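Observations on the three-dimensional arrangement
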Amino acid sequence: MRSEAEVSQAIDTYADMVKQICILHLKNDADTEDIFQTVFLKYALRSAAFESAEHEKAWLIRVTLNACKDLLRSFFRSHTLPLEAAAELAAPETPFGNPVLEAVLRLPEKYRRVIYLHYYMGYSAPQIAQILGKNPNTVYTHLTRGREMLKEILGGDGDGT
Amino acid sequence: MEHEIRQAFASVHASEQLKARTRQRLHRYYARPAPAPRALLGPLCAAAACCLLCLGLVGWRLFFTVTSVISIDINPSLELSVNRFDRIIGVESYNPDGEALANGLQLLYKSYAQAVDEVLASETVTACLAGDGVLSIAVVETEPLQGEEILNYVTHCTASTPNAHCHSVQKEEADQAHELGLSYGRYALYIQICQHTDSLTPEQANQMSMRQLRDLLTELQQKAGDTLSDSADLEWEEESDGCSGSGPGQGSGGHHRHGQGG
């Protein structure tokens, strides 16, 4: 188990990244906070050392993605609707105030993830494939398809990569 | 687009309140008394249950495994099975008198010393002894140390009893006796009689008292011109030479006691 100081340091370093991955999947603050805390609790409980900072970062990404997926798959989540989401349904808005972010969040989940990991985190397709446990070709396909959809949503103003 | 996406996500930050609440929760987690890991509770309980079950089975097996048998023959023929804890775990009678004696006494789960005392003090046995009956106590030993201990005890108990014979025997010999439906003390005389006549069946031997069997043997031996070393007691070790190895074994013993190979 890691020391409280170590975990506090990790929160300072990776809090934004964990929050962003939560936002990609969950879209509400209550679930985000729950997953946020769960991820750092798992980090605290992990006793094995990380080989490098990159390894630590990739581990946190994977744990956060899995925690989000688990929550989305849970029975309670799939059969109930939080009040916030109900309010969103009643009056859809752009809670982040950023059209590009909103556009990314409108993409299917599989495209959202690769777009975030590639364009924001700077991972290559093979690296993303390793983190997500997928075939690199699948990642390439998702990247291409996600980019196309994003262009469509944003009005074809992308510059490509 | 890459730049716009980067800017879009860069605008998402974890608030200081969120970080603070997370630190508080972790602090509470670190401060709590360490409970037994929940994930381990199930397997631990299962393992404990298995251990208890195994212990129970082993204990049951240890308790109910016969380690020695005390065969008491006078007219009632009775065998007391003793476990490693010196307790009687089985009482078997080999004739109606033995059955009546066993039914009249509560011997199960008593110590062998208490059980032997009760049998020897019973009216049936004391009456037989008073009527010049011959008492034979054979200790069938599976555990040599315990067998020796029991033999010492029964020898001591019958030291002042005339016509009492105590000896130890090996389990293999006792098995042969049981195959014929005889207790060991009776079997020992039966096979000696069989050396002189084949007209006596095990069933008939079972119905005769030890005194009758002994008298019959003496008569047959006298007829055959055998010389008895002791007119009052039969020295079985001398007579067992012609029993094809199935009779009582050879060994040294005192007036009442006949050992099995030391």
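Turning our attention to the overall build of chain B. Of regular secondary structure, chain B possesses twelve helices and six strands. Out of the 262 residues in chain B, the part that is buried amounts to 44%. Counted over contacts in chain B with a minimum sequence separation of 6, partners at least 24 positions apart contribute 55%.

Residues and elements named next belong to chain B. The buried count for strand S5 (residues 164-170) comes to six of seven residues, which makes it a mostly enclosed element. Two strands pair when backbone bridges link them, and strand S4 (residues 135-141) and S5 are joined in this way by seven bridges, in the parallel orientation. By the bridge assignment, Ile137 is partnered in S5 with Cys166. Once you follow S4 into helix H7 (residues 144-157) and on to S5, the crossover reads as right-handed.

Residue and element names in this part refer to chain B. Per-residue pLDDT for chain B has a mean of 80; in total, 84% of the residues score no lower than 70. When pLDDT is averaged over each element of chain B, helix H5 (residues 112-121) comes out on top at 91 and helix H12 (residues 236-239) at the bottom at 41. Note on residues 227-262: pLDDT under 50 across the span, and 86 contacts to partners over four residues away in sequence or across chains.

Another aspect to go through is the environment of Leu71 of chain A. Residue and element names in this part refer to chain A. Structurally, Leu71 is set in helix H3 (residues 53-73). Here Leu71 falls in the buried class, since its relative accessible area comes to 17%. Considering only alpha carbons, one finds Leu71 and Leu26, 45 residues apart in sequence, at a separation of 8.8 Å.

This paragraph deals with the packing of aromatic side chains. Evaluated as defined, the whole model comprises 13 aromatic pairs over all chains. Ring geometry for Tyr116 of chain A against Tyr120 of chain A: centres 5.5 Å apart, planes inclined by 25°, an arrangement best described as stacked. On the criterion of helical spacing, the pair formed by Tyr116 of chain A and Tyr120 of chain A is a turn pair, its members being four residues apart in helix H7 (residues 109-120). The exposure class assigned to Tyr120 of chain A is partly exposed, which follows from its relative accessible area of 22%. Following the ring pairs from residue to residue traces out a cluster consisting of Trp60, Phe63, Phe64, Phe85 and Tyr109 of chain B. One Lys or Arg, Arg2 of chain A, reaches over the ring of Tyr43 of chain A and ends 5.0 Å from the middle of that ring.

Next up on the list: the pattern of salt bridges. Where charged atoms from two side chains of opposite charge approach closely, those side chains can pair. All chains considered together, the criterion is met by 13 salt bridges over all chains. The shortest N-O distance in the salt bridge between Glu109 of chain A and Arg113 of chain A comes to 2.3 Å. In this pair, Glu109 of chain A and Arg113 of chain A are both assigned in helix H7, four residues apart and thus about one turn of the helix distant. Under the relative-accessibility criterion, Arg113 of chain A is labelled buried at 9%. If you follow the salt bridges from partner to partner, you end up with Asp132, Arg211 and Asp215 of chain B in one network.

Residue-level contacts link 23 residues of chain B with 38 residues of chain A. Buried surface at the junction of chain B and chain A, summed over both partners, amounts to about 3000 Å²; 65% is from carbon and sulfur atoms. The largest per-residue losses of area from chain B upon contact with chain A belong to Met1, Phe9 and Tyr30 of chain B, which jointly make up 27% of the total buried on that side. Between the two partners, chain B and chain A, sit two salt bridges. A salt bridge links Glu33 of chain A to Arg21 of chain B; its shortest N-O distance comes to 2.6 Å. For the interface between chain B and chain A, the tally reads 13 residue pairs in polar contact (both at pLDDT 80 or more). Mapped onto the side of chain B that touches chain A, the elements with two or more residues apiece are helix H1 (2-10) and helix H2 (16-31) of chain B. The element best represented in the side of chain B that touches chain A is H2 of chain B, accounting for ten residues. Class assignment of the residues belonging to the side of chain B that touches chain A gives a composition of eleven nonpolar, five polar and seven charged.

Thresholds, definitions, all that
Numbers given for residues are sequential positions, taken from 1 along each chain in its written order. The naming scheme follows written order: chains are lettered A onward, ligands numbered 1 onward. Whole-chain, interface and lining totals are the exception, using all residues; otherwise, since this is a predicted model, local features are given only for residues with pLDDT of at least 70 and side-chain atom pairs are given and counted only at 80 or more. Hydrogens and waters are ignored; side-chain quantities use all the structure's heavy atoms. A run of H or I in DSSP becomes a helix once it reaches four residues, and a run of E becomes a strand once it reaches two; helices and strands are each numbered from the N terminus. The rule is simple: take the accessible area with a 1.4 Å probe, protein chains only, and divide by the maximum for that residue type; under 20% is buried, over 50% is exposed, in between is partly exposed. We call two residues in contact whenever any of their non-hydrogen atoms come within 4.5 Å of each other. Strand pairing is assigned whenever DSSP detects at least two bridges linking the two strands. The handedness rule is simple: strands pointing away from the viewer, and a clockwise path from the first strand over the helix to the second, make the crossover right-handed. Here pLDDT means the predictor's own confidence in every residue, given as a number from 0 to 100. Aromatic rings from Phe, Tyr and Trp, taking only the six-membered ring of Trp, are treated as a pair when their centres fall within 6.5 Å; an angle between ring planes under 30 degrees marks them as stacked, one over 60 as edge-to-face, and anything in between as tilted. A positively charged side chain is recorded as over a ring if its NZ (Lys) or CZ (Arg) lies within 6 Å of the ring centre. The angle to the ring normal must also be within 35 degrees. When a carboxyl oxygen of Asp or Glu lies within 4 Å of a side-chain nitrogen of Lys or Arg, that pair is called a salt bridge. The term buried area means the drop in 1.4 Å probe accessible area that two parts suffer when joined, counted for both and summed. Polar contacts here mean pairs of N or O atoms no more than 3.5 Å apart (in protein, one a potential hydrogen donor and the other a potential acceptor; neighbouring residues in sequence count only if both atoms are side-chain atoms). The residue classification treats Ala, Val, Leu, Ile, Met, Phe, Trp, Tyr, Cys and Pro as nonpolar and Asp, Glu, Lys and Arg as charged. All others, Gly included, are polar.

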